[in-house]
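Structural features, examined
Take a look at the letters that make up each chain.
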Amino acid sequence: MKKIQKIFQYAYIVFAVLFIYDAITKWSEDRTGAYISLGLSALAVFMFFFRKRFSRKFDDHNHS
């Protein structure tokens, strides 16, 4: 179960990279779409760190 959680945790980074790439490709044609992609990439990075911190807290709580 822990391995699956770690895979999903790093999937957020993969999605962030994909959204950044999408923003770069849309930048010259559609700025609104690029800003949305940048916002989604920021959200994905936030979720990565949130999940990482939450799983660490959960592990520390279980070991105590």
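What counts, and where the lines are drawn
- Residues numbered from 1 in each chain as written.
- Predicted model: local features only at pLDDT ≥ 70, side-chain atom pairs only at ≥ 80, totals over all residues.
- Heavy atoms only, no water.
- Helix = DSSP H or I, 4+ residues; strand = E, 2+ residues; numbered from the N terminus.
- Rg over C-alpha atoms; globule rule 2.2 N^0.38 Å.
- Buried < 20%, exposed > 50% of the residue type's maximum accessible area, 1.4 Å probe, protein only.
- Areas by Shrake-Rupley, 256 points an atom, 1.4 Å probe, with all protein chains shown as cover.
- Lys, Arg positive; Asp, Glu negative; His and termini not counted.
- Charge placed at Lys NZ, Arg CZ, Asp CG, Glu CD.
- Phe/Tyr/Trp six-rings, centres within 6.5 Å; stacked < 30°, edge-to-face > 60°.
- Patch = residues over 30% accessible without salt bridge, like charges linked within 9 Å, V, L, I, M, F, W, Y side chains within 5 Å.
- Salt bridge = Lys/Arg side-chain N within 4 Å of Asp/Glu carboxyl O.

Remarks on the overall build of the protein
Along its length, the protein carries two helices and zero strands. The globule rule puts the C-alpha radius of gyration for 64 residues at 11 Å, and the 15 Å found for the protein is more than 25% above it. Dimensions of the protein, computed from C-alpha atoms along their principal axes, come out at roughly 55 × 15 × 10 Å. Looking at the protein as a whole, 16% of its 64 residues qualify as buried. For the protein, the exposed area adds up to about 5400 Å²; of that, 69% sits on carbon and sulfur atoms. Averaging the locations of the 10 positively and 5 negatively charged side chains of the protein gives two centres separated by 11 Å.

Focus: the packing of aromatic side chains
On inspection of all chains with the given rule, the structure shows five aromatic pairs. Note on Phe-48 and Phe-49: the rings are 5.0 Å apart at their centroids and 70° apart in plane angle, and the pair reads as edge-to-face. Taking relative accessible area as the criterion, Phe-48 reaches 6% and is therefore assigned buried. Taken together, the ring pairs connect Tyr-10, Phe-48 and Phe-49 into an aromatic cluster.

Overview of a positive patch on the surface
A cluster of like positive charges, contributed by Lys-6, Arg-53, Arg-56 and Lys-57, occupies part of the molecular surface. In terms of residues, the positive patch owes the most to one element, helix α2 (residues 31-63), which gives three residues. By secondary structure assignment, the location of Lys-57 is in helix α2. On the accessibility criterion, Lys-57 (53% relative accessible area) is exposed.

Thoughts on the pattern of salt bridges
Using the criterion set out here, one finds one salt bridge in the structure. Two residues, Lys-26 and Asp-22, come together in a salt bridge whose shortest N-O distance is 3.1 Å. Separated by four residues within a single helix, Lys-26 and Asp-22 lie in helix α1 (residues 2-26), roughly one turn from each other. Residue Asp-22 is classed as partly exposed on the basis of its relative accessible area of 24%.

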